[in-house]
Amino acid sequence: MVNSEGAATICLKGDFVFQMHREFSAALGNALRPEVPEIVINLADVSYMDSAALGMLLVARSRALERGKRVAISGAVGHVLQVLHIANFEKLFEIR
């Protein structure tokens, strides 16, 4: 989904774990269109994430930066937000 500012949003639901790798990679590939300046990864409906999810976020960031795009994480709460903070992701991503 692309918003009025041109940012592409990837919305995830449930558990963000290794088994979501293909689905996440496909969504990321779709979001990396040339006209999209920013990718927002919405974690509002994610209740759990593991270390594989952190790795997928890092890959997303790397792929986006290679193309001159920004990446932000939005909607994280509870356990998910805590995991992001423990991993110091606020130093790598804008967390909204």
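Note that the structure is a prediction, hence the values are computed from the model and not measured. (Residues numbered from 1 in each chain as written. Predicted model: local features only at pLDDT ≥ 70, side-chain atom pairs only at ≥ 80, totals over all residues. Heavy atoms only, no water.)

1. Section: the side chain of K69
Step number 1: Note that K69 resides in the loop between α2 (51-66) and β3 (70-74).
Step number 2: Comment: no salt bridge for buried K69; closest opposite-charge side chain is E35, at 7.0 Å.
Step number 3: A distance of 3.0 Å separates a polar atom in the side chain of K69 from the backbone oxygen of R33.
Step number 4: Residue contacts for K69: discarding those within four places in its chain leaves L32, R33, P34, V36, P37 and A64. (Helix = DSSP H or I, 4+ residues; strand = E, 2+ residues; numbered from the N terminus. Buried < 20%, exposed > 50% of the residue type's maximum accessible area, 1.4 Å probe, protein only. Lys, Arg positive; Asp, Glu negative; His and termini not counted. Salt bridge = Lys/Arg side-chain N within 4 Å of Asp/Glu carboxyl O. Polar contact = N/O pair within 3.5 Å; in protein donor to acceptor, adjacent residues only side chain to side chain. Contact = heavy atoms within 4.5 Å.)

2. Quick word on the sheet that holds strand β4 (residues 94-95)
Step number 1: With parallel pairing, the four strands of this open sheet are ordered in space as β1-β2-β3-β4. Looking along the sheet, the strands with just one partner apiece sit at the ends: β1 (8-16) and β4.
Step number 2: By the bridge criterion, five bridges tie strand β2 (residues 38-49) to β3 in an arrangement that is parallel. What sits directly across from E38, in β3, is R70.
Step number 3: The strands touched by helix α1 (residues 21-31) within the sheet are β1 and β2, with β1 carrying the most contacts at an inclination of about 170°.
Step number 4: The strands that α2 touches are β1, β2 and β3; relative to β2, the one it contacts most, it runs at about 180°. (Pairing = 2+ DSSP bridges. Axes fitted to C-alpha atoms, helices over the stretch in contact; angles between N-to-C directions.)

3. Some thoughts on unusual backbone geometry
Step number 1: Phi at N88 is positive, roughly 60°, even though this residue is not glycine.
Step number 2: By the secondary structure assignment, N88 is in the loop between α3 (78-86) and β4.

4. Structural notes on the confidence of the model for the chain
Low-pLDDT portions of the prediction should not be read for the details of their coordinates.
Step number 1: The predicted model of the chain has a mean per-residue pLDDT of 94, with 95% of residues at 70 or higher.
Step number 2: Averaged pLDDT values over the elements of the chain bottom out at 95 in α1 and peak at 97 in β2. (pLDDT = per-residue confidence, 0-100.)

5. Side note on the pairing of β1
Step number 1: Sheet analysis places β1 next to β2, joined by eight bridges and oriented parallel. When the sheet's bridge partners are listed, A8 is paired in β2 with I39.

6. Some details on the pattern of salt bridges
Step number 1: Under the defined criterion, the tally for this structure stands at five salt bridges.
Step number 2: Here E94 and R96 are joined by a salt bridge, their closest N and O atoms 3.0 Å apart.
Step number 3: One salt-bridge network, held together by shared partners, links E38, R70, E94 and R96.

7. A look at α1
Step number 1: For α1, every residue scored as buried is listed here: F24, L28 and A31. Along the axis of α1, the buried residues cluster in a sector spanning 60°; they form a single face. Within α1, the exposed residues directed more than 90 degrees away from the buried face are R22, E23 and A26.
Step number 2: Contact partners of the buried residues in α1: β1, β2 and α2. (Arc of directions from axis to C-beta.)

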